Amino acid sequence: MGHVELPESGISRSVGLAGAPRPRTASDLPRGQGFDRPQQVPTVQRERGARALAGPGRLLPLVVCVELLGLGLPAWLVLRADAQPKALAGAVAATAVWCGVRAGRGRYALRAPGRPPGALTTPGDWLLLIGVLAVLWTVVDPSIDPAAAVVALIPGLLAAAAASWARRLIRSGRRRMVRRVLVVGEAAGVDRAVGVLTSREDHGYRVVAALPVGTAALSCGAPVPGRLAPAPADDDASTVLGAAFAHEADLALVVPGPQFAEERLRRLSWGLHDGGLELSVLSHLSETAADRVRPSSAAGLTLLHIVPPLRRGLQPALKAAVDRAGAVCGLVALAPLLLLVAAAVRLTSKGPVFHRQVRQGQHNRPFTMWKFRTMVADAEQRRARLAAANENDGPMFKMRRDPRVTRIGRLLRRSSVDELPQLINVLKGDMSLVGPRPPLPDEVSRYDERELRRLAVKPGLTGLWQVSGRSDLSWQETVSLDLWYVDNWSVATDMGLMARTLRAVTDGRGAY
């Protein structure tokens, strides 16, 4: 029989590594050494969950009241002042539809830990409200003036935006709800899960301990309060509950594997739920946004339906329209700056103002990309001599202090102004405002199948790489970010990334 120690609580557990273990009961656990009995765990977990949810939940009734009154009352007053028929009924209908739209799209739900708020959610809901009401009023009472109805609903948009902003502001002032996670599974899977969770901070999960299956050593550095037997055991649940209680974990994250198959996982879920501990199962669908996953069931099987990436339909068409309109507006608004930079480049170093370079675009089609020249005129010829100084661990060439960069070029690169001529490429349709960076042909020649998927969408003027560290990222981190965007992009995601780009450009980190 193997012997496992729980250092924090002084509890020892007997786990059979060769055969089935001895069944454990509450009386087997000594008092006064960390916790008394497993029956205490449900109370602790319920109290911890209640404390976590109490803060944001208290604001919900006030937010709903502000939104309903802010939309219904002004709508009634405007419709009545304009002598519109059935002003009160119209205002009530608009309020009911608004409440349904907001609730149906999850605006009143508590945000899951680590899930970022959507971009432009309130204006999007308001436009959906206008569409629904237009259909209803056309069917029920065509005499209502559409222009007056839209004007009547504008105060509601402002009130909803103000209420949502205030709720987000108040909630952000509180300490973000963090889930304390106990990772359970085979050593390799545990190491990978812990490594990914601890490498980033844009989520609400904190690993407090790991409970591996078998005797293999962990390299992730997480505390190991015990181990599970390689074969299913009757005390799997009590071992996990004890480890969770010792480290005050409120979530068990299970990494499935050959030694943690369906039946064992199901029995563990029974024990953990009876013990008051929440359970999550790590999916192997990495780089897939949660919004694309739809759970369903068939014949007792739990199925995960993966929505295909956006390639056709309204959103790609809207993205193309936003790209062209944004490029035109950008070129017109930034024309004075572009002329000033062009003069500075021309007067401070020999060579052309623009640097034109062949890059690979969507579906690996080549195109000529435009940039302000930031290097000496013969930079391409000097690159071969600098190959040994490449600081990037992949096919992309990057040097923090590249001797080919001019003095004005360093300033342009740090501020990303050198990229602005690519608005011409966006206008021509070779690029998008948001997307992966366009690679060079020799870089693409060294891509594997995974990396080639970066070319499934148009390259972008900005993207996840821009707001996540730029040149400070490793090659694999860059590829992972690009692949996430390729499969999970949306117009709302693009809007959010463009807003975050301004902050990244102002900060300047990773730009060289």
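Residues numbered from 1 in each chain as written. Predicted model: local features only at pLDDT ≥ 70, side-chain atom pairs only at ≥ 80, totals over all residues. Heavy atoms only, no water.

(A) Examining the side chain of aspartate 482 more closely. The residue aspartate 482 is located in helix H17 (residues 475-488) in this model. The exposure class assigned to aspartate 482 is buried, which follows from its relative accessible area of 3%. When near neighbours in sequence (up to four residues on either side) are disregarded, aspartate 482 contacts Pro436, Arg454 and Trp465. (Helix = DSSP H or I, 4+ residues; strand = E, 2+ residues; numbered from the N terminus. Buried < 20%, exposed > 50% of the residue type's maximum accessible area, 1.4 Å probe, protein only. Contact = heavy atoms within 4.5 Å.)

(B) The arrangement of helix H6 (residues 187-199) in detail. Compared with the 18 Å implied by 1.5 Å per residue over 13 residues, the 18 Å span of H6 between its first and last C-alpha is a close match. When we look at burial in H6, the residues that qualify are Ala187, Val190, Asp191, Ala193, Val194 and Leu197. The secondary structure elements touched by the buried residues of H6 are strand E3 (179-186), strand E4 (205-213) and strand E5 (251-255). (Expected span 1.5 Å × (residues − 1).)

(C) How the structure looks around helix H7 (residues 236-246). Among the 11 residues in H7, nine count as buried, and that is most of the element. Buried within H7 we find Asp236, Ala237, Thr239, Val240, Leu241, Gly242, Ala243, Ala244 and Phe245.

(D) Spatial organisation of unusual backbone geometry. One non-glycine residue with positive phi stands out, namely asparagine 364, at about 65 degrees. On the secondary structure map, asparagine 364 appears in the loop between strand E9 (354-360) and strand E10 (366-372). For asparagine 364, a relative accessible area of 35% corresponds to the partly exposed category.

(E) Here's a closer look at the packing of aromatic side chains. Evaluated as defined, the whole model comprises two aromatic pairs. Pairing phenylalanine 354 with tryptophan 370 gives two aromatic rings, centres 5.3 Å apart and planes at 65 degrees, and the pair type is edge-to-face. Of the two residues, phenylalanine 354 is situated in strand E9 and tryptophan 370 in strand E10; the sequence distance between them amounts to 16 residues. Residue classification places tryptophan 370 among the partly exposed positions, given a relative accessible area of 22%. Ring centres of phenylalanine 354 and phenylalanine 372 lie 5.3 Å apart, and the angle between their planes is 15 degrees; on these two criteria the pair is classed as stacked. (Phe/Tyr/Trp six-rings, centres within 6.5 Å; stacked < 30°, edge-to-face > 60°.)

(F) Representation of the sheet that holds strand E6 (residues 278-281) in the model. One open sheet accounts for four strands, arranged E4-E3-E5-E6; its pairing is parallel. Taken across any chain shown, the strands that pair with only one partner, and hence form the sheet edges, are E4 and E6. Geometrically, the sheet is characterised by an average inter-axis angle of 25 degrees between neighbouring strands, direction not taken into account. Taken together, the five bridges between E3 and E5 define a ladder with parallel strand orientation. When the bridges of E5 are listed, valine 183 appears paired with leucine 253. Packing against the sheet, H6 makes contact with E3, E4 and E5, and its axis sits at approximately 150 degrees to E3. (Pairing = 2+ DSSP bridges. Axes fitted to C-alpha atoms, helices over the stretch in contact; angles between N-to-C directions.)

(G) The arrangement of the pattern of salt bridges in detail. Here the structure, examined in full by the defined rule, presents 14 salt bridges. For aspartate 236, the salt bridge goes to arginine 264, with nearest N and O atoms at 2.7 Å. Residue aspartate 236 is found in helix H7, and its partner arginine 264 is found in helix H8 (residues 262-274); the two are separated by 28 residues along the sequence. A salt bridge links arginine 453 to aspartate 487; its shortest N-O distance comes to 2.6 Å. Pair noted here: arginine 453 is in the loop between helix H15 (449-452) and strand E12 (460-462) and aspartate 487 is in helix H17, with a separation of 34 residues, a long-range link. Looking at arginine 453, the relative accessible area reads 37%, which means it is partly exposed. Residue class for aspartate 487 comes out buried when judged on its relative accessible area of 15%. (Salt bridge = Lys/Arg side-chain N within 4 Å of Asp/Glu carboxyl O.)

(H) Geometry of a nonpolar patch on the surface. On the surface, a cluster of nonpolar side chains totalling about 270 Å² of accessible area is made up of Val151, Ile154 and Leu158. By the secondary structure assignment, leucine 158 is in helix H5 (residues 146-173). Among the residues examined, leucine 158 registers a relative accessible area of 57% and is labelled exposed. (Patch = residues over 30% accessible without salt bridge, like charges linked within 9 Å, V, L, I, M, F, W, Y side chains within 5 Å. Areas by Shrake-Rupley, 256 points an atom, 1.4 Å probe, with all protein chains shown as cover.)

(I) Looking closely at the side chain of serine 490. Among the secondary structure elements, serine 490 is positioned in the loop between H17 and helix H18 (491-507). In this structure serine 490 comes out as buried when scored by relative accessible area, which is 17%. A distance of 2.9 Å separates the side chain of serine 490 from the side chain of threonine 493, its partner in a polar contact. (Polar contact = N/O pair within 3.5 Å; in protein donor to acceptor, adjacent residues only side chain to side chain.)

(J) Looking closely at the environment of leucine 129. With respect to the helices and strands, leucine 129 occurs in helix H4 (residues 121-140). Relative accessible area serves as the criterion here: at 0%, leucine 129 is assigned to the buried category. C-alpha of leucine 129 to C-alpha of arginine 102: the two residues are 27 residues apart in sequence and 9.4 Å apart in space.

(K) Quick look at the pairing of E6. The sheet contact formed by E5 and E6 spans four bridges and is parallel. Within E6, the position partnered with leucine 251 by the bridge is glutamate 278.

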